[in-house]
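Chain by chain, the residues run as shown.
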Amino acid sequence: MNLLLNEIAKAVGGELQGAGGAMARGYSIDSRTLGPGDLFFAIRGPHFDGHDFASQALEKQAAGVVVESGWTGTAPPEAAVIRVRSTVESLQTLARHVRQQWGKPIVGITGSAGKTTTKEMIASVLARKFKVLRSVGNLNNEYGLPLCLLRAERDQDIGVIEMGMSARGEIARLASIAWPNDGVITNVNPVHLEFFKSVDEIAEAKAELLQGLVSPKRAYLNNDDSRVRAMARRFDGPIVTYGVKSVAAFRAVNVQDLGLEGTAFRVRHNRREMDMVLPLLGRHNVTNAVAAVAVGVTRGVDWERVREAIGEMKPEKMRGRVVRFQEGIAAIDDSYNSNPKALTEMIRFLGRLDGFKRKILVAGEMLELGPESAEMHRACGREAERADIAMILGVQGHAAEILEGARAAGADPEGLRFFADATAAGEALERIARPGDVILFKASRGVKLELALNVLRARFRSMEP
């Protein structure tokens with residue numbers, strides 16, 4: 001949304017120095033990617049202080065810079081400088097101002113897992129009828145969400161915004177900026193337990209999205225998740241349920257694995273049924289797809305257009321993408337993130353796969369699980385042994401407990417190996433891998449497990465375009 005700098009200064013309560021008649025044509029908090037005409041917000045982060053780069057942003061022809069009142073950097077006399085008390089608060093205040101001016105409905109999405117995939121599915125389904133503003137990647141925090149809202153264009157019809165959190169109050173804060181009308185909650189899992197006393201507390205934090213919805217409002221709740229289902233009792237607006245295992249307004253039935261080609265299923269809603277094929281791996285993604293069907297149909301997208309959108313979904317980078325090598329090896333790159341529930345689902349998927357001689361799991365440490373972390377890792381190891389996986393490579397920290405859980409469940413110790421980092425695991429894997437193998441890579445982001453797959457890419461001939 002293009003705004004005059006004097007309008008921006010007024011909206012954020014800042015003191016404008018310089019040319020207030022200039023127009024901001026974009027918004028940035030990173031001087032490296034800033035384009036000419038962008039307004040630069042100097043954010044103080046954990047590793048960098050944007051104030052150190054404010055003068056550089058002006059040299060790169062930024063429309064202006066937003067800095068905190070104590071900034072002592074240099075700026076040309078004609079440059080626009082907006083001084084504020086807090087640049088973070090000003091970024092959020094401006095985003096709220098733009099959202100109120102824009103005035104279109106917004107779908108907010110949160111949950112312990114599957115947020116980004118569900119967001120992409122919902123946005124793709126809605127795009128069959130509307131012009132959609134959507135979050136880019138997983139920009140779902142106190143910086144990313146405001147930047148997404150500032151990208152709103154006046155001719156867009158609806159927004160699809162992802163909301164993440166690692167503490168109580170964060171989603172409430174994001175909702176107060178985005179003013180979502182629809183709230184989609186995917187699930188509640190034991191993640192971020194380093195910052196919460198229990199999974200029930202995580203559920204309360206996720207439920208802040210429903211409390212922050214503005215009229216006309218509607219909640220879309222995963223009926224398969226007992227904690228999400230319980231949120232209906234405290235919501236005073238219309239509720240649309242979806243699921244696979246439980247009775248719901250939108251339910252997937254007849255779910256069939258298609259191997260590395262995805263999953264087929266049938267959606268039932270009232271007296272309507274439609275068969276769909278989802279080219280994403282794992283039955284957990286069927287639940288995400290049904291959420292997208294529910295939002296799309298409720299928002300008036302034709303069923304046939306919904307089916308087309310679901311059938312054309314492609315996995316995001318490092319989120320279940322299949323990499324095939326000419327040497328007859330297949331890799332499942334699900335290395336972006338992990339938690340016990342998500343890892344368990346992918347282990348079960350790997351166990352059901354047919355047509356491969358060996359199944360190999362490369363499982364990195366799952367972070368932020370709190371005091372029960374070791375046992376949660378061991379439980380995943382036991383699940384891997386039940387799935388008849390030939391070899392398990394644990395990477396970093398508590399991933400050693402995955403191996404211990406598999407060993408205690410009867411796994412052959414010869415097939416269990418631990419590595420301190422992802423590169424070492426990749427170097428071992430390139431010696432181990434052979435034709436007929438399928439290899440699953442999954443870990444928390446901090447493990448950087450994609451580095452192990454990169455070793456295979458360097459060693460073997462990838463068939464990726």
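What counts and what doesn't
- Every chain begins its residue count from 1, and numbering advances along the sequence as written.
- The predicted nature of this model means local features are confined to residues of pLDDT at least 70 and side-chain atom pairs, given and counted, to a pLDDT of 80 or more, with totals for whole chains, interfaces and linings taken over all residues.
- Computation of side-chain values covers all heavy atoms of the structure but excludes hydrogens and water.
- The rule for pairing is simple: two strands pair if DSSP sees at least two bridges between them.
- The helix count covers DSSP runs of H or I at least four residues long, the strand count covers runs of E at least two residues long, and both are numbered beginning at the N terminus.
- If the strands point away from the viewer and the path from the first strand over the helix to the second runs clockwise, then the crossover is right-handed.
- As used in this structure description, the phrase polar contact means that two N or O atoms lie within 3.5 Å; if the pair is within protein, one of them must be able to donate a hydrogen and the other to accept it, and residues adjacent in sequence are counted only when both atoms belong to side chains.
- A cavity here means a set of points on a 1 Å grid, drawn over the protein atoms and nothing else, where a 1.4 Å probe fits but cannot get out; a pocket is an open set with protein on both sides within 12 Å along at least five of seven lines, and a residue lines either one if it has an atom within 4 Å of a point.
- Grid points are joined across faces, edges and corners, and a volume is the space filled by probe spheres set on the points.
- All residues other than Ala, Val, Leu, Ile, Met, Phe, Trp, Tyr, Cys, Pro, Asp, Glu, Lys and Arg, Gly among them, are scored as polar; the first ten of these are nonpolar and the last four charged.
- Geometry is summarised by axes, namely lines fitted to C-alpha atoms with helices restricted to the contacting stretch, and by angles between N-to-C directions that run from 0 to 180 degrees.
- Only heavy atoms matter for contacts: two residues are in contact if any of them lie within 4.5 Å across the pair.
- We count a salt bridge whenever a side-chain nitrogen from Lys or Arg sits within 4 Å of a carboxyl oxygen from Asp or Glu.
- Burial classes: relative accessible area under 20% of the type maximum marks a residue as buried, over 50% as exposed, and values in between as partly exposed (1.4 Å probe, protein chains only).
- As used here, the arc belongs to the directions running from the helix axis to the C-beta atoms.

Novice: Quick question: what am I supposed to make of the pairing of strand β21 (residues 416-419) here?
Specialist: Each regular strand carries side chains that alternate between the two faces of the sheet. Looking at chain direction, strand β20 (residues 391-395) and β21 are connected through 4 bridges and run parallel. When the bridges of β21 are listed, Leu393 appears paired with Arg417. Where the polypeptide runs from β20 across helix α14 (residues 399-408) and back to β21, its parallel neighbour, the crossover connection is right-handed.

Novice: Quick question: what am I supposed to make of the side chain of Asp334 here?
Specialist: By the secondary structure assignment, Asp334 is in strand β18 (residues 329-334). One polar contact links the side chain of Asp334 to the main-chain amide nitrogen of Gly320, over a distance of 3.1 Å.

Novice: I tried to follow the layout of surface pockets on my own but got confused; where do I start?
Specialist: Where empty space is left becomes clear once a probe the size of a water molecule has been rolled over the atoms. The calculated volume of the second largest pocket comes to roughly 610 Å³. Contributing to the lining of the second largest pocket are 16 residues, with Ile29, Asp30, Arg32, Gly45 and Phe48 lying nearest its centre. The residue makeup of the lining of the second largest pocket, split by class, is 7 nonpolar, 6 polar and 3 charged.

Novice: What is the right way to look at the sheet that holds strand β8 (residues 106-110) in this model?
Specialist: Paired through backbone hydrogen bonds, the strands of a sheet run either parallel or antiparallel to each other. Ordered in space as β9-β10-β8-β11-β12-β13-β14-β15-β16, the 9 strands form an open sheet in which the pairing is mixed. The open sheet has two edge strands with one neighbour each: β9 (132-134) and β16 (272-278). Going across the sheet, the axis of each strand differs from the next one's by a mean of 15 degrees, ignoring polarity. As paired elements, β9 and strand β10 (residues 158-162) share 3 bridges and run parallel to each other. Paired with Val132 across the two strands is Ile158, which belongs to β10. Its contacts with the sheet put helix α4 (residues 115-126) on β8, β9, β10, β11 (182-185) and β16, and the angle it makes with β10 is roughly 170 degrees. Packing of helix α11 (residues 303-311) onto the sheet brings it into contact with β14 (250-257), β15 (263-269) and β16, and relative to β16 it is tilted by some 20 degrees.

Novice: Any chance you could explain the pattern of salt bridges here in plain terms?
Specialist: Note on pairing: side chains with opposite charge can pair once their charged atoms come close. Scanning the entire structure with this criterion turns up 37 salt bridges. Salt bridges sharing partners connect three or more residues here, namely Arg128, Asp302, Arg305, Glu308 and Glu312.

Novice: Got a minute to help me understand helix α1 (residues 5-12) in this structure?
Specialist: For an α-helix, 3.6 residues make a turn, and residues three or four places apart therefore share a direction. Among the residues of α1, those classed as buried are Leu5, Ile8, Ala9 and Val12. Down the axis of α1, the sector holding all buried residues measures 100 degrees, keeping them to one side. Within two residues after α1, Gly13 carries a phi angle of roughly 70 degrees, on the positive side.

Novice: I keep staring at unusual backbone geometry and nothing clicks. Help me out?
Specialist: A negative phi angle is the norm for most residues apart from glycine, just as the trans form is the norm for most peptide bonds. Here the bond from Ser215 into Pro216 is cis, since omega is -5 degrees, no more than 30 degrees from zero. Here Pro216 lies in the loop between α8 (208-211) and β12 (218-222). In this structure, Asn270 is a non-glycine residue whose phi angle is positive, near 55 degrees. Positive phi is not limited to glycine here, since Asp388 has a value of about 60 degrees. Of note, Asp388 is situated in the loop between α13 (373-386) and β20.

Take it as geometry only, folks, not as evidence of what the structure does.
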